[in-house]
Amino acid sequence: MRSSWVHRRDRRGVWFVAPFLLGFLLFMVVPLGYAIYTSLYTSRIIGGTVFTGASNYTQTLGSGLFWSGVVRVIVFAAIQIPVMLAIAFFFACVFDLGVAKFGTAFRTIFFIPFAVPAVVGAVMWSFLLEPQFGPFTRLASVLGFPNTNFFSPNLLLASIIVIVIWEWTGYNMMILYTALKSVPRDVVEAAILDDTPLWKIIVRIKLPLVRPAVVMLVFLNTIGALQLFTEPQILEYFEQGAVSVNYTPSYYIYQTAIAADETNLAAAMAVILAVIIVVISALSLIVRRRRGEFA
Amino acid sequence: MTVSTAPPPPAAPPAPPETRRQRRRRERLVARDSEIPVELYGLPRGTITLLTVLAFLFALFTLIPIAWILINSTKTQANIFETFGFWFASPFQFFHTFGLLFQNVDGYGTFIQWFGNTALYAVLGGGGATVLAAFAGYGLARFRFRGSQMTFYAIIGALLVPITALTVPLYLSYAKAHLINSIWGMVLPSMISPIGVYLMRTYADISVPRELIDAARIDGAGELRIFLRVALPLMVPGVLTVLLINVVAVWNNYFLPLLIFNVNTKYPLTVGLGLWSNRAVNSGNANLYPMLVVGGLVTIVPLIALFLILQRYWRGGMLLGSIAN
Amino acid sequence: MSAIALADLTKVYATGVTAVDRLTLDVADGEFVVLVGPSGCGKTTALRMVAGLEPVTSGTVSIGGQVVNDVSPRRRDLAMVFQNYALYPHLTVYDNIGFALENAGVPKAERDRRIRAAAASIGLSDLLRRKPRQLSGGQRQRVAMGRAIVRDPAVFLMDEPLSNLDAKLRVWMRAEVLRVHKSIGAATLYVTHDQVEAMTMGDRIAVLNAGVLQQYGPPQELYARPVNLFVARFIGSPEMNLYEAAFDESGALVLGSQRISLGQAPSPPVIGERGAAPGQPVIVGVRPEDLALCPVGTPGALAADVAAVERLGSEVHAYFSIDARPAGHPADGGVPSAGTVVPADEADALPGAARGGVARLDPRAAVRPGARVTLRLDPARLYFFDPATGLATGWPASQATPAPALPSAPALPSGAN
């Protein structure tokens, strides 16, 4: 039974957490609650705002447009995240081992996109990929692919994938690099004395030790990827009509709330999206944990 | 049996002061001393060259947009689209366009004002977030009150909730409370950073020994005093990292200001540039595209410079160490 | 041809620090050689150069007669036990031990046989399925040894393998390490900072200080014939008592205000080319175990004031002071030559701390703090050193094997090389 003084002293800790908690409640919990509340109503021109229960939800859940957007971001995440993490891990290993020259300079360069807001990144790439005048379009032409439209339905998602990889690889690489650096040096030396080939050192010794970082990155990246919004919107500004209104769930929610002014429906969509994201992110944690048993 | 009988060596003459290059060379050699020598990995010859080339290619990929925006910030709208993307063309229009950033062109908003807004939001929001996170992180790490663990999990759980689910209703509540276009409507939510709390708590756990706090309590210091004078100085690298993360996050934030601001005088840079992207296609004004390019450049230069300067002190390790725990 | 031979081995770091300075020694087949010295003396660096983990600045490392400076550590046919064990954290004990065999492509059946044999030899048979984090410190240490044993190498390297174990376990493991060494028969280079481990385990001991080899020989030689002040102080616990002294015209030893006749003394110790002239400063050393209480008036006795007494049950440590100046510490203003001690812990001593002498006495000795006692200085058990160079100039006359350093230590291995 802990002494009451310890109890009282520990309770003072609440005061430290209180300011954050207050804001947390006001700006995270309350809005979420309000979203749920709003989603149960519908505003009609005639009749005002009426309690409609689950009708917004059934409407969304039955909406092909909504689900095609969900499928699209899942496909997007399933391609973009592994490719990006592979590149990031590859370079993190290279720099950690010191098997390339100018490691420090390269690491700094790779990290620069982290300092670039997504809007500006999307703007830059929109110029580069612009279907008529962009340098890459011209390059494709020179290379034997005339009339390449990077914003066409076939290539649009690929283009967005490239943009997002450009934005985030450096950050992921830094995290993995730091994780690799924390592997104890003498364990690697022991492996060298055991005549372990380099690939085995990386896969059987280093990779298992950085698994927590990899898991965290998959988790964070998944949450971000499923909420894809900025890049499609900027591309839409540059090439109107390239991005359908339901391209990603977040984009669809935004259009529904602002352009179509159907805030109640948008609220329901937001709640559903939140649930989907929670489920998929939690799954990504569990899957990683299982597959992480190397050897 | 060996015996050392050498007399002490004569004192060496003082070495001349090092040049910058010598110092960097020495630092590189010292760093190499602390790494495992590359030869021990048993790699075939040419691997290092190959990997350096690959790294160079990716660096090229990374720098292409930056190079593009640097070069094309000097061009007219026609030239942006018609001349070769990676070399200059006359007329050199950079300063003319740059000057336009200080004006409200066609009512589409004043760049410099957006810049000031962004700086204000980032400093207030990022700074406030860091303060709240530091307090909360310390409180959760060093006080075991009932529900502290649950609270922590709840805060982490908040990371799972997508921004759309939070921001749209926030916008709706602002609309009701007439908080649209309010600066505090932007700054206050930005001060709530769950990842900041997570990082600060982990860092406080690592860097502030309980015994130190107990010793200060025995010496009669109050809890706030202990936090400010004892704990916080030990948490400085973590605080700086969280500050950097939060400032960058607010600087780059797009979705929240997009929803809650509808007068362009309050826009931060992200929303403003997005607006210009939207209007430039249809607008007859031949300055908008160049302004977009120059504006984009001005937006990213400060942060990139900040990163380049701070890269020595960047505690990526702290960010990561917390994740690995 | 020796199993390991170091010739002028030198390591200078990019910071300019010389960690190892022209180290030359050899290890014969099957020999157990201990590299010992205070922290930072370069012993681990030297070991790592033998392993190939540390690039050599100059000098050569030879294994089995062949210079291996340019040979990768993968090919040197040696196994190493690291101070922090360096076990593969995510592999089982079984896989940890067998990792090198796996890399070498040894077929599964034979691999299994060898792993189980190695595990059985150090009592790990029941732990093969566990992971390192589920093991105690001692068990992890044995896994590290098992990993080295299974390779059946020509050379064994050990970097302070017992330092992280608690005291009792360390004593038991000392015997275990030696038993394994005997059964494998490989030449072993063992690094430690603990002189007890060195004395009890080594066939030969190499004492290092600040990168420079001080003395290399069998334990009894280092004990009975230390070549300089550093070795004299480093070997033996408690430390040898050292004082500034001189000889008078009659050949008696002048210690402070006392004159001690050495009776049928050995010839005055040599300093330089001539004998020590009367009045010329010398440093005299006497080990605590060579002091005994004697009645007042005994010829050759030293009068001392007892400052403190520690009763260990098996013996008594009496801390005494005399009015002679203690010697051999650079803090006393002595010239720090190659032979003078520079141990790190001296920096922590309070300024002006009295450096007294210590005597190890019979447990029934009747001493009390504050008393004045007479201690008998056996002239045949004195050590002499030159104050200018720190080198030894005179050793105990007795050639017999001296008493072991600690009452409970096992018998020293017989036969110097």
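Everything below is about the structure shown above.
A brief look at the structure comes next. In this text the structure is predicted, and so the values were computed from the model without any measurement.

Notes on the overall build of chain B
When helices and strands are counted, chain B shows 16 helices and 0 strands. The globule rule puts the C-alpha radius of gyration for 325 residues at 20 Å, and the 27 Å found for chain B is more than 25% above it. The dimensions of chain B, computed from C-alpha atoms along their principal axes, are 95 × 60 × 40 Å. At a minimum sequence separation of 6, the contacts of chain B that also span at least 24 residues come to 72%.

Comments concerning the packing of helix H9 (residues 194-207) of chain B against helix H12 (residues 236-252) of chain B
Residue and element names in this part refer to chain B. Across the interface, H9 lies against H12 with an axial gap of 10 Å and an inter-helix angle of 170 degrees. The angle between H9 and H12 places the two elements in the roughly antiparallel class. Packed against H9, whose contacting residues are Gly196, Leu199, Met200, Tyr203 and Ser207, the element H12 presents Gly238, Thr241, Val242, Ile245 and Asn246 at the interface. Residues of the contact of H9 with H12, tallied by class, amount to 5 nonpolar, 5 polar and no charged.

Considering the interface of chain B and chain A
At the interface, 85 residues of chain B touch 82 residues of chain A. By residue number, the principal contributor to the side of chain B that touches chain A is helix H2 (residues 47-72) of chain B, which donates 14 residues. Here the side of chain B that touches chain A is composed, by residue class, of 60 nonpolar, 20 polar and 5 charged.

So, the pairing of strand E1 (residues 41-44) of chain A
Residue and element names in this part refer to chain A. Two strands pair when backbone bridges link them, and E1 and strand E2 (residues 48-51) are joined in this way by 4 bridges, in the antiparallel orientation. Bridge pairing in E2 places Thr42 opposite Val50. Remark: 3 residues form the turn of the hairpin made by E1 and E2, two consecutive strands paired antiparallel; Gly47 in that turn has positive phi of roughly 105 degrees.

Topic: helix H4 (residues 64-97) of chain A
Between its first and last C-alpha, H4 of chain A extends 49 Å over 34 residues, near the 50 Å set by a 1.5 Å rise per residue. Two residues or fewer after H4 of chain A comes Gly98 of chain A, characterised by a positive phi angle close to 80 degrees.

Concerning the environment of Ala301 of chain C
Residue and element names in this part refer to chain C. Along the polypeptide, Ala301 turns up in strand E18 (residues 301-311). With 20 C-beta atoms packed within 10 Å, Ala301 lands in the buried category. Setting aside residues no more than four positions away along its own chain, Ala301 makes contact with Cys294, Thr374, Leu375 and Arg376.

Here we look at helix H11 (residues 223-234) of chain B
Residue and element names in this part refer to chain B. Helix length check: H11 (12 residues) gives 16 Å between terminal C-alpha atoms against 16 Å at 1.5 Å per residue, within 8%. Among the residues making up H11, those that are buried are Glu223, Ile226, Phe227 and Ala231. Viewed end-on, H11 has its buried residues packed into an arc of 95 degrees, placing them on one side of the element. Turned more than 90 degrees off the buried face of H11, the exposed positions are Arg225, Leu228, Arg229 and Pro233. Its buried side turned inward, H11 meets helix H5 (111-142), H9 and helix H10 (210-218).

Some details on the pairing of strand E9 (residues 204-209) of chain C
All names here are of chain C. With 6 of 6 residues buried, E9 lies mostly within the body of the structure. Pairing of strand E3 (residues 32-36) with E9 involves 4 bridges; the strand directions are parallel. Its bridge partner lying in E9, Leu35 is registered against Ala206. In sequence, E9 turns back onto strand E10 (residues 212-217) through a hairpin of 2 residues, with Ala210 there showing a positive phi of about 50 degrees.

Calculation notes
Residues numbered from 1 in each chain as written. Chains lettered and ligands numbered in written order. Predicted model: local features only at pLDDT ≥ 70, side-chain atom pairs only at ≥ 80, totals over all residues. Helix = DSSP H or I, 4+ residues; strand = E, 2+ residues; numbered from the N terminus. Rg over C-alpha atoms; globule rule 2.2 N^0.38 Å. Contact = placed C-beta atoms within 7 Å. Axes fitted to C-alpha atoms, helices over the stretch in contact; angles between N-to-C directions. Parallel < 35°, antiparallel > 145°, perpendicular 65-115°, else oblique. Nonpolar A, V, L, I, M, F, W, Y, C, P; charged D, E, K, R; others polar. Pairing = 2+ DSSP bridges. Expected span 1.5 Å × (residues − 1). Buried ≥ 20, exposed ≤ 12 C-beta atoms within 10 Å, placed from the backbone. Arc of directions from axis to C-beta.

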